[in-house]
Amino acid sequence: MSKTGIIWDSRFLKHDTGKGHPECPRRLLAIKEVLDTDSTLIRLVPRAATEEEIGWVHSKEHIENVKKTANADHGYFDLDTPFGSGSSESAFLAVGGLLEAVESVWTKKVDNAFAFPRPPGHHAESTRAMGFCLFNNIAVAAEYLVRQKGLKRVAIVDIDVHHGNGTQHFFYDRDDVFYISTHRFPFYPGTGAAHETGEGKGKGYTLNLPFDALGDDDDYKKGYDEKILPALHEYRPEFVLVSAGFDAHKRDPLGGMKITKGGFKMMARNLLDVAQKYAGGATGAKIVFVLEGGYDMKGLQEGVEAILEVIHG
Ligand SMILES: [Zn+2]
């Protein structure tokens, strides 16, 4: 059994998206039911990220726009991205919670970690909130590893059913962060075609695996065997970050895919193997998972269980 750290905090429930929104606080309560069954998980305490940290990837104006919502009742950044008066606190804590998970793995306080913040992050762009996401949590975490720890090869693997347009854009022309995504395509947000492979120094360090609707475990397994694993073995990542959305689960109301618990286990197993081989060795695998989407409560629970069964044992 590995020492697995988790970030779960009731302050993530303060991000109120309003009645009927799929990205609702109830998602985290469903996940809590899973976490509460295992007393061996190590509860890490999130901190608020600083404006300087968030400023590594976001414009000052966007950070100010998020901060301002603390004084608002309820509103929208875009058509599907609402906020309430608690959203700013949740958003700063979401980024900082992931940074705490990364730092805890880095210092070997834990062997690996899974952070469960709200709001999610991978659609957030430099200058704006988008697609339920306020700040791009995982992009800040990758920058943290590059800037604060001096890493030269950080892999981000995005298993959410939607393409992480924001994350891809931040690192599109860089080779120190390799962005890999499996997603339904064409689908929201429109990006993520196979020919989007990076530019300049980053050419070849963006890998998109678009799948038709109703993609299943076999399709994903083939993608891992033929594309993702060879790319990761060649890159030899020093740290693996995973955008763990569970909206590709067969029960999900938005995703339209057929991934089962077994499929999520396959992904986690392969990514943990890569991390163990290149990012840790005898000192533990440097891998951190962070929640993105996933809108069926049972689907979320099965997805989280799948990852924890692999990384925690
Ligand atoms: Zn999604």
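Right above here is the structure, for reference.
Read on for a plain summary of the structure. Here the residue numbers are simple positions, counted from 1 along each chain's written sequence. Thresholds applied to this predicted model are a pLDDT of at least 70 for local features of residues and 80 or more for the giving and counting of side-chain atom pairs; totals over whole chains, interfaces and linings are not thresholded and use all residues.

## Description of the overall build of the protein
Along the backbone of the protein there are 9 helices and 10 strands. Radius of gyration here is computed from C-alpha atoms only, and the compact-globule reference equals 2.2 Å multiplied by the residue count raised to the power 0.38. Computed over the C-alpha atoms, the radius of gyration of the protein is 17 Å, within 12% of the 20 Å expected from 2.2 N^0.38 for a compact globule of 313 residues. On the principal axes, the C-alpha backbone points of the protein span a range of 50 × 45 × 40 Å. Placing a C-beta atom from the backbone of each residue, one calls two residues in contact when those atoms lie within 7 Å. Taking as baseline every contact in the protein between residues at least 6 positions apart, the subset at least 24 positions apart corresponds to 75%. The numbering of helices and of strands both runs from the N terminus, where a helix is a DSSP run of H or I of at least 4 residues and a strand a run of E of at least 2.

## A short note on the nonpolar core
Note on definitions: a nonpolar core is a set of buried residues drawn from Ala, Val, Leu, Ile, Met, Phe, Trp, Tyr and Cys, linked by C-beta atoms within 7 Å. Remark: C-beta atoms are placed from the backbone, and a residue is labelled buried if 20 or more other C-beta atoms sit within 10 Å of its own, exposed if 12 or fewer do, or partly exposed between those counts. Judged by nonpolar contacts, the single largest core of 95 residues is most densely connected at V240 and I307. At 10 residues, the largest contribution of residues to this core is made by helix α4 (residues 87-106). Filtering out sequence-adjacent residues up to four positions away, I307 remains in contact with F114, A244, F264, A268 and F289.

## Describing the environment of T17
Locating T17 in the fold gives a position in the loop between β1 (4-7) and α1 (26-35). By the C-beta count within 10 Å, which is 21 here, T17 ends up buried.

## Considering helix α5 (residues 137-149)
A helix's residues, less one, multiplied by 1.5 Å, set its expected span. Along its 13 residues, α5 runs 17 Å from first to last C-alpha, staying within 8% of the 18 Å computed at 1.5 Å per residue. For α5, the complete set of buried residues consists of N137, I138, A139, V140, A141, A142, E143, Y144, L145 and V146. In the segment just after α5, G150 is the residue with positive phi, at about 70°.

## Comments concerning the packing of helix α8 (residues 261-278) against helix α9 (residues 297-311)
Think of two packed helices as two axes; the pair is described by the angle between the axes and how far apart they sit. Between α8 and α9, whose axes approach to 8 Å, the crossing angle comes to 35°. The way α8 lies across α9 gives a crossing that is right-handed. Contacts between α8 and α9 involve K261, F264, K265, A268, R269 and L272 on the former and, on the latter, E302, G303, E305, A306, I307, E309, V310 and I311. Charged means Asp, Glu, Lys or Arg here, nonpolar means Ala, Val, Leu, Ile, Met, Phe, Trp, Tyr, Cys or Pro, and polar covers whatever is left, Gly included. Taken together, the residues of the contact of α8 with α9 break down into 7 nonpolar, 1 polar and 6 charged. All axes are obtained by fitting lines to C-alpha atoms, using only the stretch in contact for helices, and the reported angles, taken between N-to-C directions, cover 0 to 180 degrees. Crossing chirality is assigned from the near helix's rotation relative to the far helix, an anticlockwise turn below a right angle marking it left-handed and a clockwise turn marking it right-handed.

## Quick word on the pairing of strand β6 (residues 154-158)
Among the 5 residues of β6, 5 are classified as buried, and the element is accordingly described as predominantly covered. Judged by which residues are buried, β6 turns out to be covered on both faces: V154, I156 and D158 on one side and A155 and V157 on the other are all buried. Bridge count for β6 against strand β7 (residues 177-184) is 5 bridges, and the pairing is parallel. Counted as the bridge partner of V157 is I180 from β7. A crossover links β6 with its parallel partner β7, the connecting element being helix α6 (residues 165-171), and its sense is right-handed. At least two DSSP bridges between two strands are required for those strands to pair. Pairing geometry for β6 and strand β9 (residues 239-244), over 5 bridges, is parallel. Residue pairing in the sheet places V157 in a bridge with V242 of β9. Handedness of a crossover is defined as follows: with both strands directed away from the viewer, a clockwise route from the first strand across the helix to the second makes it right-handed.

## A look at the sheet that holds strand β10 (residues 287-291)
Ordered in space as β2-β1-β5-β10-β9-β6-β7-β8, the 8 strands form an open sheet in which the pairing is parallel. The open sheet terminates on both sides in strands that have one partner only, identified here as β2 (42-44) and β8 (206-211). Each strand axis lies, on average, 15° off the axis of its neighbour in the sheet, ignoring direction. Along the sheet face, helix α7 (residues 217-235) touches β6, β7 and β8 and points at about 180° away from the line of β8.

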